[in-house]
Amino acid sequence: MKHRLIFSHLAVFAILLVSSCATKKRELTQAELMGGYTDFKLQYEKDIARLSAKTRARLKAEYQNPDVSQSYDILVLSGGGEYGAFGAGFLKGWGRIEEGEFARPHFDSVTGISTGSLMAPFAFVGSRASYAALLDYYRNTPSGLIQGRPLWRLLRGKSSIYDAMPLFETIRNSLTTDLVSQIARESKNNRALIVGSTNLDYGLLRVWDLADMVADQQADEARALLSRRLIASSAIPGAFPPVEMGGYSYVDGGASLQMITGVGERDWLYREEVTPFDFVQPDRPLRVRLWIIVNTKLLLKPKVIPSNWADISMRSLQILMGASRLQTLQDAETLTRMINQRPELDMVMRYVSIPSDYPILETEYMFDREKMRDLADLGERMGADPSSWREKAPAPGAAFSITGK
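Structure report, in brief.

Definitions and cut-offs
- Residues numbered from 1 in each chain as written.
- Predicted model: local features only at pLDDT ≥ 70, side-chain atom pairs only at ≥ 80, totals over all residues.
- Heavy atoms only, no water.
- Helix = DSSP H or I, 4+ residues; strand = E, 2+ residues; numbered from the N terminus.
- Buried < 20%, exposed > 50% of the residue type's maximum accessible area, 1.4 Å probe, protein only.
- Polar contact = N/O pair within 3.5 Å; in protein donor to acceptor, adjacent residues only side chain to side chain.
- Contact = heavy atoms within 4.5 Å.
- Axes fitted to C-alpha atoms, helices over the stretch in contact; angles between N-to-C directions.
- Parallel < 35°, antiparallel > 145°, perpendicular 65-115°, else oblique.
- Nonpolar A, V, L, I, M, F, W, Y, C, P; charged D, E, K, R; others polar.
- Pairing = 2+ DSSP bridges.

## Quick look at the side chain of Gln 258
Mapped onto the elements, Gln 258 comes out in the loop between β8 (248-252) and β9 (286-297). Its relative accessible area of 3% is what places Gln 258 among the buried residues. Polar contacts involving the side chain of Gln 258 include one to the main-chain carbonyl oxygen of Gly 254, which spans 2.8 Å. For Gln 258, the contacting residues outside a window of four places in its chain are Ser 78, Gly 79, Ile 113, Met 321, Ser 324 and Arg 325.

Rendered as structure tokens:
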């Protein structure tokens, strides 16, 4: 996504000058924010504990079912804005591999950040129809999804440069009654649909298991819960307006983390005598596969950066986000190696990204249909090719090439 389009030089300069005095004050006070922290923390911890219990129950049920070839499969979908078309195409093309280790599984857990969160419900349902709908969603994106605000409104301190209501409405409309009902039903089977959004007020990533949230809700309420959190997870800070929930302000989860590769504590990895998987037999380890789709390139294209504050700031933001992706991949690889030290577990981590040398079309608009279709086509081709997957994560800070299986 073109940061120069998101941060118009004149608009940003004007906002910096006047927004502090022109922006409408929020009702939440600093005292209320500090007073609510304990409840926020306790609810978050409760949600994570519930998710951990679901995961263990799903693992145990699969492991003890003699009719199922046991493998707990986690799909991780990164941010990337319009580049999410790559991931949508990849998921569809992946379905062409029908047998073997690299066949597309029916995922036990799906996580998404930003554009990845918009993809996650379709991958969670995991039917041919849902994957086809997801690809159509990215290939045939309608024009006018975002609209620049008039300068006079920016000068009055609006919370975002763009009016994203058409985009948000498209997100709501993508959540059909059938899709929502399937998500709710699958929560009963202890599958997890996890998305993340950044709580601006506390400066924390907040994750939700959407499948669990809608499991016992009526259709309309479930659809509203889903859409609100998907919009919050994909609301690019400054570009799109934040979403208020529970009195707090939420924006794009990518502001905190580019990918959610794990949720919950890891203390058990350091305790030899304690394990959450006491049902595992000594001679038959529990198998876990982590599949990561990075909806962008892992390496930035070398580019001479002009010596002005806007280009320097934009390039620095790209570097920060890229470093977060690389660090998350390396963390996933390290976690995989730690888990494999335990005799009761057998884990593999694989990832795929847009090739660093692939010439992405240069366009002047966000959600450009020609660019997104080209990326979707690339994704389909790579998804059908098992050699697209990588296992060795590049080192943050010294990622000069992306090589190795």
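## Considering the environment of Gly 79
Relative to the assigned elements, Gly 79 resides in the loop between β1 (72-77) and α5 (84-94). Through-space distance from the C-alpha of Gly 79 to that of Ser 117 is 7.9 Å; in sequence the pair is 38 residues apart. With residues up to four places along the chain from it excluded, the contact list for Gly 79 reads Ile 113, Ser 114, Thr 115, Gly 116, Gln 258 and Asn 295.

## Brief notes about unusual backbone geometry
Despite not being glycine, Ser 114 shows a phi value in the positive range, around 55°. Structurally, the position occupied by Ser 114 is in the loop between β2 (109-113) and α6 (115-125). On the basis of relative accessible area, Ser 114 is assigned to the buried category, the value being 9%. The residue Asn 190 is not glycine, and still its phi comes out positive at about 65°.

## Here's the deal with the packing of helix α10 (residues 177-187) against helix α12 (residues 219-233)
In contact at an axis separation of 10 Å, α10 and α12 are set at 85° when each is read in the N-to-C sense. Comparing the axis directions of α10 and α12 gives the class roughly perpendicular. Residues Thr 177, Val 180 and Ile 183 of α10 touch α12, and the partners they reach there are Ala 219, Ala 222, Arg 223 and Leu 226. Partitioning the contact of α10 with α12 into residue classes produces 5 nonpolar, 1 polar and 1 charged.

## Section: the pairing of β8
Taken across its 5 residues, β8 has 5 buried, putting it largely inside the fold. Note: strand β5 (residues 192-199) against β8, 3 bridges, orientation antiparallel. Note that in β8 the partner of Thr 198 across the bridge is Val 251. When strand β7 (residues 243-245) meets β8, the two strands line up antiparallel, connected through 3 bridges. Paired with Met 245 across the strands is Tyr 248, a residue of β8. Counting the residues in the hairpin turn of β7 and β8 gives 2 residues, including Gly 246, whose phi is positive at 65°.

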